[in-house]
Amino acid sequence: MEYKTLNNGLKMPMVGLGVYNISDGETQRVVENAVSVGYRSIDTAAMYYNEKGVGDAVRACGVPREELFITTKICDSCYTKEETLRTVDHSMKRLGLDYVDLMLIHWPVGNPTVMWHTLEELYEQGVFKAIGVSNFYPNTFPKIVNDAKVKPVVNQCETHVLYQQRKMLEYLKPYNTALEAWSPLAEGKHGIFRNKTLTNIGEKYGKTSAQVALKFLIQNGIVIIPKTTHKERMIEKVQS
């Protein structure tokens, strides 16, 4: 497993498992399977409604907690510190964990500045090992960083070979903020698995088009969190 060193020194696995749109009842099995084949990073969110399944898997998987990297996201439109604390508390209780490795603001909604300052305080208290954002672009990212004490370690955005986010990569460099790709396989759309360029490269190196697409992102320093519920596909992706 390759790791990305974030701007606060924390090491994050370059490949993680996304659990978007997986039912809470199924999530524990999926995450346990992922851990059993080598995954150490799991990405969930309050709006996925499966944080409990992730937490249950963490406790049941047999791997020490410190070897796992758990990300979740708050998505409520919080305008005050109290609202933000309440939202964070709900996620922590559903996960049932003493700490979260990475807490993200899911969307630039509500008052991102107030939300960020609240996350900074919780980060300093050790509730999170790192904090970052998701779906923030140059029109909203400054609301976080302009008066921040702690710079976001990642910005999680839609990124894949068909939407490479090269401008975003350059934009984030001055902040030493990593780009993390959600939907790194374009949700299987746009013929990505039949793309001639990807399949030709795959044939040359004995890889699938999906593995080639994911390796492209990794080689560009982009953290990926592909989603799958199938163990054999988990193995394929973690070996990209």
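Provided above is the structure to which this section pertains.
Below you will find a few notes about this structure. Just so you know, these numbers come straight off a predicted model, no measurement behind them.

Now for helix α2 (residues 51-60). Among the ten residues that make up α2, seven are buried, leaving the element largely enclosed by the rest of the structure. Burial in α2 covers these residues: Glu-51, Gly-53, Val-54, Gly-55, Asp-56, Ala-57 and Val-58. Packing partners of the buried residues in α2 comprise α1 (24-36), β4 (41-43), β5 (69-74) and α3 (81-95). Gly-62 lies just past α2 and shows a positive phi near 85 degrees.

This paragraph deals with the nonpolar core. Nonpolar side chains in soluble globular proteins tend to be buried together. Membership of the largest hydrophobic core comes to 72 residues, with the highest contact counts inside it found for Leu-119 and Phe-128. The element best represented in this core is helix α8 (residues 209-219), accounting for six residues. When residues no more than four places from it in sequence are discounted, the contact partners of Phe-128 are Val-88, Met-92, Val-100, Met-103, Leu-119, Leu-122 and Tyr-123.

Let's shift gears to the packing of α3 against helix α4 (residues 112-124). Packing of α3 against α4 leaves a shortest axis separation of 9 Å and a crossing angle of 55 degrees. As summarised for this structure, α3 and α4 are arranged oblique, according to the angle between their axes. Between α3 and α4 the crossing geometry is right-handed. Contacts between α3 and α4 involve Lys-81, Thr-84, Leu-85 and Val-88 from the first element and Val-114, Met-115, Thr-118, Leu-119, Glu-121 and Leu-122 from the second.

Attention now moves to the sheet that holds strand β10 (residues 223-224). Spatial ordering of the open sheet is given by β3-β4-β5-β6-β7-β8-β9-β10, a layout of eight strands whose pairing is parallel. Two strands close off the open sheet at either side, each with one partner strand: β3 (17-18) and β10. Summarising the sheet, strand β6 (residues 100-105) and strand β7 (residues 128-134) pair through five bridges and their orientation is parallel. From the neighbouring strand, Leu-104 faces β7, where its bridge partner is Gly-132. α3 contacts β5, β6 and β7 of the sheet and is inclined by roughly 140 degrees relative to β5.

In this structure, the largest pocket encloses a volume near 730 Å³. As for the largest pocket, its lining consists of 29 residues, of which Tyr-20, Ser-183, Pro-184, Glu-187 and Lys-227 are closest to the centre. Among the elements that take part in the lining of the largest pocket, helix α9 (residues 231-238) stands out by supplying three residues, more than any other. Looking at side-chain class alone, the lining of the largest pocket contains twelve nonpolar, eleven polar and six charged residues.

Right, let's get into the pattern of salt bridges. One pass over the structure, following the stated rule, counts twelve salt bridges. The partner of Arg-29 in a salt bridge is Glu-26, with the nearest N and O atoms 2.7 Å apart. Here Arg-29 and its partner Glu-26 are both found in helix α1, three residues apart, which amounts to about one turn of the helix. Ionic pairing is found between Lys-189 and Glu-187, a salt bridge with its closest N-O pair at 3.1 Å. Through salt bridges with shared partners, a single network forms among Lys-52, Asp-56 and Arg-59.

Criteria and cut-off values
Per chain, residues are indexed from 1 in the order of the written sequence. A pLDDT threshold of at least 70 governs which residues receive local features in this predicted model, and a stricter bar of 80 or more applies before side-chain atom pairs are shown or counted, although totals over entire chains, interfaces and linings include all residues. With hydrogens and water stripped out, all remaining heavy atoms of the structure feed into the side-chain values. Here the term buried applies to any residue with accessible area under 20% of the maximum for its type, exposed to any over 50%, and partly exposed to those in between, with areas from a 1.4 Å probe on protein chains only. Per the convention used, a helix needs a DSSP run of H or I reaching at least four residues, while a strand needs a run of E reaching at least two, with both numbered from the N terminus. Whether two residues are in contact is decided by their heavy atoms: any pair within 4.5 Å suffices. Put simply, buried Ala, Val, Leu, Ile, Met, Phe, Trp, Tyr and Cys residues joined by side-chain atoms within 4.5 Å make one nonpolar core. Axis lines are fitted through C-alpha atoms, for helices just across the contact stretch, and the angle between N-to-C directions can take any value from 0 to 180 degrees. Just so you know how the angles are binned, under 35 degrees is roughly parallel, over 145 roughly antiparallel, 65 to 115 roughly perpendicular, and the rest oblique. Here is the rule for handedness: rotate from the far helix to the near one, and if that takes an anticlockwise turn smaller than a right angle the crossing is left-handed, while a clockwise turn gives right-handed. Note on pairing: two strands pair once DSSP finds at least 2 bridges between them. A 1.4 Å probe that fits but cannot get out identifies a cavity on a 1 Å grid over protein atoms alone, an open set with protein on both sides within 12 Å along at least five of seven lines counts as a pocket, and a residue lines either if it has an atom within 4 Å of a point. Grid points are joined across faces, edges and corners, and a volume is the space filled by probe spheres set on the points. Residues are grouped as follows: nonpolar covers Ala, Val, Leu, Ile, Met, Phe, Trp, Tyr, Cys and Pro; charged covers Asp, Glu, Lys and Arg; every other residue, Gly included, is treated as polar. Throughout this description, the term salt bridge denotes a Lys or Arg side-chain nitrogen within 4 Å of a carboxyl oxygen of Asp or Glu.

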